[in-house]
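So the chains spell out like this:
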Amino acid sequence: MAVNEFDHPFIAATYDQVEGSREDLDQYVGIARALGARSVLDIGAGTGTFAVRMAAQGLSVTAVEPAGEMLEVAQDKPHAEKVHWVHGTAADLSEHAAQTHLPADLAVMTANVAQVFLTDEDWLGTLRAVHENLTPGGHLVFETRIPERRAWEDWARQAESTWEAPGVGTVREVFEVTEVDLPRVTFRSDSHLPDGTVVPSTSTLIFRPLEQIQQTLAEAGFEFLEARDAPDRPGREWVVIARRLASPGTEG
Ligand SMILES: C[S@@+](CC[C@H](N)C(=O)[O-])C[C@H]1O[C@@H](n2cnc3c(N)ncnc32)[C@H](O)[C@@H]1O
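The structure presented is a predicted model; accordingly, all values stated were derived computationally and were not measured.

Some thoughts on the nonpolar core
In step 1: Grouped together as the largest cluster of nonpolar side chains are 30 residues, with contacts concentrated most on Met109, Leu140, Phe142, Leu217 and Phe222.
In step 2: At the level of secondary structure, the elements contributing two or more residues to this core comprise β1 (39-43), β4 (104-109), α5 (120-132), β5 (134-145), α7 (210-219) and β11 (237-244).
In step 3: If you tally residues by element for this core, the top one is α5, at five residues.
In step 4: Dropping the residues within four chain positions of it, Phe142 is found in contact with Tyr28, Met109, Ala114, Trp123, Ile213, Leu217, Trp238, Val239 and Val240.

See below:
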């Protein structure tokens, strides 16, 4: 059974095409370099674009992804054999300790993975699991859309589009924001394939205010360092950088 909307053969097979050239990942590569990271933990690694890019540069990479279909695409990429793949969530990492290069000195959640954790319990659980799998002083970097920018109002205007999926043909996509119940926004996208198949996909994302992100990071044992503008989406997304303290509530 599919674990989420990404766990579908069509969604996974076309994800990289839909996401394009991935300039958004350049900032993570730059931050990893600036921090001198040698090992990386990629949470919600998706089709593994960032994980294999880091592995190709010689870093030790552990990539966690719950959607099996996404993981299959990832594991087919050049350099995938150098990555330690974990089929699951951050909470599953302890079971796989023997096969990974953990703790890592950098953890990332690229492409708004941080917005999929809809409850405080789920979000804090993820932050705590990341904390356990980072070296003391290690960094956590993730991006999240700025709630005040109200991105869903732009999305509602992009109601219908067509695009070419290799090997499939022209796909007509019908998109709708179905519920705005802040801080959560739910949207649905139906992909109509040339053979008449409709692939429905429903997602809910949470738009956490920065103060709440800072507070939850502190609760999970991180020092908030900065929220910088995403270079490729200025004014729309924050790139949050935090540092792991020795244990929750300490300074070291
Ligand atoms: C928008 S995609 C981003 C994928 C990848 N990070 C990238 O940069 O392309 C969101 C990913 O988060 C994953 N995801 C959903 N729930 C998750 C959870 N609880 N823990 C970890 N990853 C999760 C999805 O399966 C999906 O692959």
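That was the structure; now back to the text.
Observations concerning the pattern of salt bridges
In step 1: Counted according to the given criterion, the structure contains 14 salt bridges.
In step 2: With a closest N to O distance of 3.8 Å, Arg145 and Glu237 form a salt bridge. Here Glu237 lies in strand β11 and Arg145 lies in strand β5, a separation of 92 residues in the sequence. The pair Arg145 / Glu237 is uniform in exposure class, with both members buried.
In step 3: Several salt bridges converge on common partners, so that one network encompasses Glu143, Arg145, Asp232, Arg233 and Glu237.

Focus on the packing of aromatic side chains
In step 1: The final tally for this structure, using the stated rule, is nine aromatic pairs.
In step 2: A ring pair is formed by Tyr28 and Phe50, whose centres lie 5.9 Å apart and whose planes are at 65 degrees; its orientation type is edge-to-face. With a gap of 22 residues between them, Tyr28 in helix α2 (residues 26-35) and Phe50 in helix α3 (residues 49-56) connect regions that are remote in the sequence.
In step 3: Owing to a relative accessible area of 1%, Tyr28 belongs among the buried residues under this scheme.
In step 4: With a centroid separation of 6.3 Å and 50 degrees between ring planes, the pair formed by Trp155 and Phe207 is classed as tilted. With Trp155 in helix α6 (residues 151-155) and Phe207 in the loop between β9 (198-206) and α7, this pair connects stretches of sequence that are 52 residues apart. The pair formed by Trp155 and Phe207 is uniform in burial state, with each residue classed as buried.

The rules behind each value
Residues numbered from 1 in each chain as written. Predicted model: local features only at pLDDT ≥ 70, side-chain atom pairs only at ≥ 80, totals over all residues. Heavy atoms only, no water. Core = buried A, V, L, I, M, F, W, Y, C linked by side-chain atoms within 4.5 Å. Buried < 20%, exposed > 50% of the residue type's maximum accessible area, 1.4 Å probe, protein only. Helix = DSSP H or I, 4+ residues; strand = E, 2+ residues; numbered from the N terminus. Contact = heavy atoms within 4.5 Å. Salt bridge = Lys/Arg side-chain N within 4 Å of Asp/Glu carboxyl O. Phe/Tyr/Trp six-rings, centres within 6.5 Å; stacked < 30°, edge-to-face > 60°.

Purely spatial values, then, with no claim about function.
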